[in-house]
Structure formats: structure tokens, C-alpha cells
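# Architecture at a glance
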Amino acid sequence: MSRPRVLLIDAGLGNIGSVLAALQRHDCIVELAQQPLCLDDTESLTHVVLPGVGAFAAGMEALRTSGWQSWILAHWCPRELPLLGICLGMHLLASEGREGAPGDGWVPGLNLIPGRVQRLTVDSGLVLPHVGWNAVHWDESAGDLAFGLPDAGDMYFVHSFAFQTFDMAHALAESVYGLPFTAAVGKGLCYGVQFHPEKSQKLGRNLLANFLTLKSCLSAA
């Protein structure tokens, strides 16, 4: 079986080094790119990972000006192969986001998974950002992405905003910080996780391994 060839998108959104190191621990070929690939190079890819930290508006502006927004929508998504968004990368998969938007407006996202990103609602006494280890409760619909992961296993989070899906079928996992919030989303082979698998030790490594071994994507390798 061919080794997965993974594109790690570096759109200047941070968190690249730790994600690169985490992917390199697996049996895959990792390509780190700051600019969109040409069509010939795109054809040999099997997976894409979009990491990031920071505000939604700045993230979408970075994707737009670098050309990654067009590449993802026009060249990657039509191939129906896996894409994983991590933290801000997860948020950018949404239809729209509030963080960094002028006034009380919304900034359009990639709209790959219908939903919106807004500030976490927390009980009194809790502070933002939500930082640290927290239990992730997986839904059965998570399928192979959550294979072998225990329910309520701890992952590492750093965030103040959360993804709210328009269709609950796209919510694959939840965690609780005072109130429940969505910890993972998915539609087709497009996935997003709010936590940082690259900082989540064994369970994070297991999740990345699951993403890289999805049968439906390796058949195109």
C-alpha cells in the first residue's frame, strides 16, 4: 500500500512546527507549502491538513491573499479526499465567523461544513480562553476518525470561540467547559477538531493515525 502524501498548509497562521513534527511520526510523506501547489503536484496528494491559531477574520484574509482559499475550493474539494482543520483551521471550514469581524457582523468562511463560529458561552467563574485538558465525547457518527479512541478521553484545548453546526449530523464530538461545545465536526471527508492533536499525546497521535488511514482516501493514493 502506498504511503499517504500529506500537504500541510502554511498560510502564516502559526502552529506549523508542532503539527509538522506530529505528522512526521507517522508513516507518511509530509509536504509543507506556503503557496498553493500546481495541478500536477496536487494530483499526487492524498490528505490535506490546515492548522492555525488566531482570529477567524485574519485567518480567512490569509487564505484569500495567499491563494489557499481558491486552491482548497477549486482544486482540493472536488477530488473528495480528506482534509483536516485543526483549531482555527477547523473554524475556517464554517460558513461564517464572528471573531475579528467589524461591529456585530460576520466574516464568510470556506463554507465546507455549514455552521458559524462565535465566542464560547461559559458559566460565571470560568475564564476565557479555555486552556488545558478536557474530555472529548465522541458520537457514533464520527466513524473511522474516532476508531479506538475512548469516550471521554482527554485532548488539549486552547480557544475562546467554538463551532456551532447548522446540522447536528455534522457535530462528531463535544466537550464541556461550563456548557457543552462542539469538539469535532465532519462532512464527507472534510473534518475539523477544536483540540490540538499534536499536543494531545497518545490520543492525539491515534487521531492523526486514523485520519491518515481512512480507507476511502487511501484508495486514491
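The residue numbers shown here count from 1 along each chain, following its written sequence. Totals for whole chains, interfaces and linings use every residue, but because this is a predicted model, local features are given only for residues with pLDDT of at least 70 and side-chain atom pairs only at 80 or more, for both listing and counting. Only hydrogens and water are removed before side-chain values are computed, so all heavy atoms of the structure are retained for them.

## Description of the sheet that holds strand β5 (residues 96-97)
The four strands lie next to each other as β6-β5-β7-β10, forming an open sheet whose pairing is mixed. Each end of this open sheet is capped by a strand with a single partner; those strands are β6 (107-108) and β10 (161-165). Relative to β6, β5 is paired through two bridges, and the arrangement is antiparallel. Looking across to β6, one finds that G97 is bridged to V107. In this description, strands pair whenever DSSP reports at least two bridges between them. Secondary structure elements follow DSSP: runs of H or I no shorter than four residues count as helices, runs of E no shorter than two count as strands, and numbering proceeds from the N terminus.

## A look at the sheet that holds strand β11 (residues 171-177)
Taken in spatial order, the nine strands of this open sheet run β2-β1-β3-β4-β13-β12-β11-β8-β9, and their pairing is mixed. Looking at strand neighbours, the two that pair on one side only are β2 (29-33) and β9 (153-159), the edges of this open sheet. If you compare each strand with its neighbour and ignore which way they point, the axes differ by 25 degrees on average. The pairing of strand β3 (residues 47-50) with strand β4 (residues 83-86) spans three bridges and is classified as parallel. Its bridge partner lying in β4, L50 is registered against G85. Only C-alpha atoms enter the line fits that serve as axes; for helices the fit covers just the stretch in contact. Angles between N-to-C directions range over 0 to 180 degrees.

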